[in-house]
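A closer look at the structure
Chain by chain, the residues run as shown.
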Amino acid sequence: MKFNYSLVFQSLVDLFFPRTCLGCVSFLTPYEKGLCIGCQLQLSPTNFNLDANNPLAVKLREFIPIYAATALFYFQKGGAFTHMIHLLKYKGVKKSGAYLSHWLALSLKESPLFMDLTGILVVPLHPKKRRQRGYNQSELIAFEISSVLNKKVYPKALVRIKTPYLKLRLEKLKGGNPCKMPFVVLQIFKIKKDIFFL
Ligand SMILES: [Zn+2]
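Source: prediction; values computed, not measured.

Moving on, we come to the overall build of the protein. In terms of helices and strands, the protein carries eight helices and five strands. Ordered by position in the sequence, the α and β elements of the protein form the string α-α-α-α-α-β-α-α-β-β-α-β-β. Evaluated residue by residue, the protein yields a buried proportion of 17% over its 198 residues. The contacts in the protein between residues at least 6 apart in sequence include a share of 61% that link residues at least 24 apart.

If you want it as structure tokens, here you go:
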């Protein structure tokens, strides 16, 4: 029988620094990473990454011109997934965001819809919120996906429309059409053949 050194090492580390499940806070076994088996079985994958006309993409196309859209899991109130989102959003547990982003990146990697990505965009966070939180969650997700897909992250490609004056100017540029989007892509990235993940 082959001796598994990494498993023995993990068991020793867990003895002194026990790891807990991101979904239910129970102690993880040396075989588990991030989520316990019970919580993993609770998750309902959407498989939207393999369907160009999934319900999310169809809905979003009513508002904005997108190439493809995906979501990792169906939302289930009170389950492991809810707990992980809560940890990331309200408790600042970056590990939870990194874990989900890594999973999302793997689903993008196996999808033909996201094969030709040029890069990954970061949704800008208001400076005040960034100071309060200490980091931008979107940036964390973008860099985690980048590490799996080996695509460049463009942290400053999107800018937040700060003033009503700028919003009005943009509307004027769009021929008077109301600007519903809270962000605008910088001119340098307005190249039609490029596809960005947001
Ligand atoms: Zn669990």
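All right, on to the packing of helix α5 (residues 94–109) against helix α7 (residues 137–149) then. At a closest axis distance of 8 Å, the pairing of α5 and α7 adopts a crossing angle of 45 degrees. In terms of their interaxial angle, α5 and α7 are classed as oblique. Considering only the axes of α5 and α7, their crossing is right-handed. From α5, K94, G97, A98, S101, H102, L104, A105, L106, L108 and K109 reach across to α7, where they touch Q137, L140, I141, E144, I145, V148 and L149. Here the residues of the contact of α5 with α7 are counted per class, giving 10 nonpolar, four polar and three charged.

It is at 7 Å that the axes of helix α4 (residues 80–90) and α5 come closest, and there the two elements cross at 125 degrees. Accordingly, the angle class assigned to the pair α4 and α5 is oblique. Judged by the twist between their axes, the crossing of α4 over α5 is left-handed. Residues M84, L87 and L88 of α4 form the contact with α5, whose own contacting residues are S96, G97 and L100. Taken together, the residues of the contact of α4 with α5 sort by class into four nonpolar, two polar and no charged.

Before going further, it helps to spend a moment on the nonpolar core. It is characteristic of soluble globular proteins that their nonpolar side chains tend to be buried jointly. The biggest cluster of nonpolar side chains holds 25 residues, and the ones touching the most others in it are L22, L35, M84 and I145. Broken down by secondary-structure element, the contributors of at least two residues to this core are α4, α5, β1 (119–121) and α7. Ignoring any residue separated from it by four or fewer positions in sequence, one finds L22 in contact with G34, L35, M84, L87, K95, S96 and Y99.

Burial in α4 covers these residues: A80, F81, M84, L87 and L88. End-on, the buried residues of α4 take up no more than an arc of 125 degrees, which puts them together on one face. Structural note: α4 exposes H86 and Y90 on the side pointing more than 90 degrees away from its buried face. Along its buried surface, α4 packs onto α2 (37–42), α5 and α7.

Turning to unusual backbone geometry, a few remarks are in order. Non-glycine residue V25 carries a positive phi angle of around 65 degrees. Inspection of the secondary structure puts V25 in the loop between α1 (5–16) and α2. For N150, which is not a glycine, the phi torsion comes out positive at approximately 60 degrees.

About the criteria used
Here the residue numbers are simple positions, counted from 1 along each chain's written sequence. Since the coordinates come from a predicted model, pLDDT governs what is reported: local features require at least 70, and pairs of side-chain atoms require 80 or more to be given and counted, while whole-chain, interface and lining totals use all residues. Working definition: helices are DSSP H or I runs of at least four residues, strands are E runs of at least two. Numbering for both runs from the N terminus. Residue burial is a threshold on neighbouring C-beta atoms within 10 Å of the residue's own C-beta, all placed from the backbone, with 20 or more meaning buried, 12 or fewer meaning exposed, and counts in between meaning partly exposed. Remark: residues whose backbone-derived C-beta atoms lie within 7 Å of one another are considered to be in contact. The convention used is that axes are lines fitted to C-alpha atoms, helices contributing only their stretch in contact, and that angles between N-to-C directions extend from 0 to 180 degrees. In these notes the angle categories are as follows: under 35 degrees is roughly parallel, over 145 is roughly antiparallel, 65 to 115 is roughly perpendicular, and the rest is oblique. Whether a crossing is left-handed or right-handed is set by the direction in which the near helix is turned from the far one by less than a right angle, anticlockwise for left-handed and clockwise for right-handed. Each residue receives one of three labels: charged for Asp, Glu, Lys and Arg, nonpolar for Ala, Val, Leu, Ile, Met, Phe, Trp, Tyr, Cys and Pro, and polar for the others, Gly being one of them. What we call a nonpolar core is a set of buried Ala, Val, Leu, Ile, Met, Phe, Trp, Tyr and Cys residues whose membership is set by joining through C-beta atoms within 7 Å. Throughout, the arc means that of the directions going from the helix axis to the C-beta atoms.

Scope: geometric values only; no functional claims are made or implied.
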